[in-house]
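# Summary of structural features
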Amino acid sequence: MPTITSARVIVTCPGRNFITLKIETDQGVYGVGDATLNGRELAVASYLTDHVIPCLIGRDAHRIEDIWQYLYKGAYWRRGPVTMSAIAAVDMALWDIKGKLAGLPVYQLLGGASREGCMVYGHANGSDISETIERAQEYLEFGYKAVRLQSGVPGLKATYGVSGERFYYEPAKGNLPDETCWSTSKYLRSVPELFQKGRDALGWDLHLLHDVHHRCTPIEAARLGKDLEPYRLFWLEDATPAEDQAAFRLIRQHTTTPLAVGEIFNSIWDCKQLIEEQLIDYIRATVVHAGGITHLRRIAGLADLYQVRTGCHGATDLSPVSMAAALHFGISVPNFGIQEYMRHTPETDAVFPHAYSFQDGLMHPGDKPGLGVDIDEKLAAGYEYNRAYLPVNRLEDGTMFNW
Ligand code: GCO
Ligand code: MG
């Protein structure tokens, strides 16, 4: 049996912060897992170093399910983003080890490929509609089959999803959180025009997506979904905050625009009702924040029973280790829908050399044994942790709101 001999957390900031767990075994094989929780990174680092790692030493690295249950049930305090990101990192690293020892890429251990590759969507954003459309055209030229459109809202200084950077949208910044200002009525007036002009310019072959980023009430979301029906979106994401899963009944009852939710979920219990009542079409729970490949497969299994497909979160704050794990998961799972793909910066890619690749709008995890991603520790050591926060958001009258 491959025994875990050591494990440690690597903190690095090649343009943004990443937390990586490296688990070593007595067979000369190690595995890596992503534990990055944007804006709260060090909490997960401490959870791993202070509480999880001591329990891993001496265990059989092959017993992935048992270790998962040990960390989940054994903590007594279940769920939550910090706990589940820490468990996810262990889980990814153990799948990596199992693949390396078997001489197989992880997706082969998950049942093999169910498709040629994972369709991904990129982010087109601009300060106004024409700039957003120009960027979307660039994605079309790269071969993307799906693009998310986000545009500046007239009358608002800044909004979610719009940045000066082309491919590396990075909302976490600053020594303290940035404050942004929001008006739902201004936003709701501007989105239908974005998609009307988007369809006129980009045609009907490209899948178009949009992220509301938790900013509508259920009835506002219902109206937006209805207004967008003529433009046949692939999905409308995070239309309303989803702590209250039943809130989606109201949206669902009013619109046929497909709905996606779940990037901030961390367990199957967060999406159980949404899935069982078929209130959503895509579940966005992701490998790093929802307990790793082991737990995400359980969520996908439940979703498959109800014709809900996967659409994993894949912003730049999910490291290339998560991206690799998501692709092994995505290519193997029967009910894959789409994978978000925000390109990482060249500095990040250099710290995390990887086997996954993009071609004609699809991504493939590659055929290297394990996850096919590594961390260059020497390079990583050159980038010191840099505290950064996600922005906070207020209404025009100063009321705290959802970012
Ligand atoms: C997305 C997300 C991200 C998040 C970010 C927070 O759909 O990609 O909404 O942009 O805001 O990952 O850390
Ligand atoms: Mg989102």
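From a predicted model like this one, the values you see are computed outputs, not experimental measurements. (Residues numbered from 1 in each chain as written. Chains lettered and ligands numbered in written order. Predicted model: local features only at pLDDT ≥ 70, side-chain atom pairs only at ≥ 80, totals over all residues. Heavy atoms only, no water.)

### Structural notes on the sheet that holds strand β2 (residues 18-25)
Test applied: Paired strands are those between which DSSP finds at least two bridges. Each helix is a run of H or I in the DSSP string that is no shorter than four residues. Each strand is a run of E no shorter than two, and both are numbered from the N terminus. Comment: axis = line fitted to C-alpha atoms, over the contacting stretch for helices; angle = value between 0 and 180 degrees taken between N-to-C directions. Any two residues having at least one pair of non-hydrogen atoms within 4.5 Å are treated as being in contact.
One open sheet accounts for three strands, arranged β1-β2-β3; its pairing is antiparallel. Here the strands that pair on one side only, and so sit at the sheet edges, are β1 (4-12) and β3 (30-34). Each strand of the sheet is rotated relative to its neighbour by a mean of 20°, with strand direction disregarded. Where β2 meets β3, five bridges bridge the pair, whose relative direction is antiparallel. Residue pairing in the sheet places E24 in a bridge with Y30 of β3. Here helix α3 (residues 81-102) sits on the sheet and contacts β1, β2 and β3; the angle it forms with β3, its principal contact strand, is near 145°.

### Here we look at the pairing of strand β15 (residues 392-395)
Here strand β6 (residues 179-182) pairs with β15 via four bridges, running parallel. Of the residues in β15, the one forming a bridge with T180 is N393. Of the pairings in the sheet, the one linking β15 to strand β16 (residues 400-401) comprises two bridges and is antiparallel in character. Counted as the bridge partner of N393 is F401 from β16. Here β15 hands over to β16 after four residues, with G398 in that stretch at a positive phi of 100°.

### Details of the pattern of salt bridges
Rules: For salt bridges, the criterion is a side-chain nitrogen of Lys or Arg within 4 Å of an Asp or Glu carboxyl oxygen. Only protein chains enter the accessibility calculation, which uses a 1.4 Å probe; a residue whose area is less than 20% of its type maximum is buried, one above 50% is exposed, and one in between is partly exposed.
Within the structure shown, the criterion is met by 18 salt bridges. For K197, the salt bridge is made with E193, and the minimal N-O distance between the two is 2.6 Å. With K197 and E193 both in helix α6 (residues 184-202) and four residues apart, this pair spans about one turn of that helix. Owing to a relative accessible area of 35%, E193 belongs among the partly exposed residues under this scheme. A single salt-bridge network, built from bridges that share partners, covers E237, E263, R284 and E340.

### Some words on the side chain of T132
We count it as follows: In protein, a polar contact requires one atom able to donate a hydrogen and another able to accept it; more generally it is a pair of N or O atoms within 3.5 Å, and residues adjacent in sequence count only if both atoms are side-chain atoms.
Positionally, T132 belongs in helix α5 (residues 129-142). The class of T132 is buried, set by a relative accessible area of 0%. A polar contact is formed between the side chain of T132 and the backbone oxygen of Q150, at a distance of 3.2 Å. Non-local contacts of T132, meaning those with residues more than four positions away in its chain, are made with A124, N125, G126, L149, Q150, S151 and L194.

### Things to note about the site of ligand 1
Condition: By convention in this text, a residue qualifies as near a molecule or strand provided that one of its non-hydrogen atoms is within 4 Å of it. Calculation of accessible area relied on Shrake-Rupley with a 1.4 Å probe; when residues are assessed, cover is drawn exclusively from the protein chains displayed.
Not every one of the 15 residues close to ligand 1 is listed here, only the nearest: Y160, H213, E263, D317 and E340. Between ligand 1 and the protein, one listed contact pairs an oxygen atom with a side-chain N or O atom of E237 at 2.9 Å. At a separation of 2.4 Å, an oxygen atom of ligand 1 approaches a polar side-chain atom of E340. Protein chains shield 95% of the accessible area of ligand 1, which is 340 Å² for the free molecule.

### Comments concerning the side chain of T36
Relative to the helices and strands, T36 resides in the loop between β3 and α1 (41-56). On the basis of relative accessibility, which here comes to 0%, the residue T36 falls in the buried class. One polar contact links the side chain of T36 to the main-chain amide nitrogen of I19, over a distance of 3.0 Å. At 2.6 Å, the side chain of T36 and the side chain of D34 are in polar contact. Not counting residues within four places of it along the chain, the set of residues in contact with T36 comprises R16, N17, F18, I19, E41, V288, H289 and D317.

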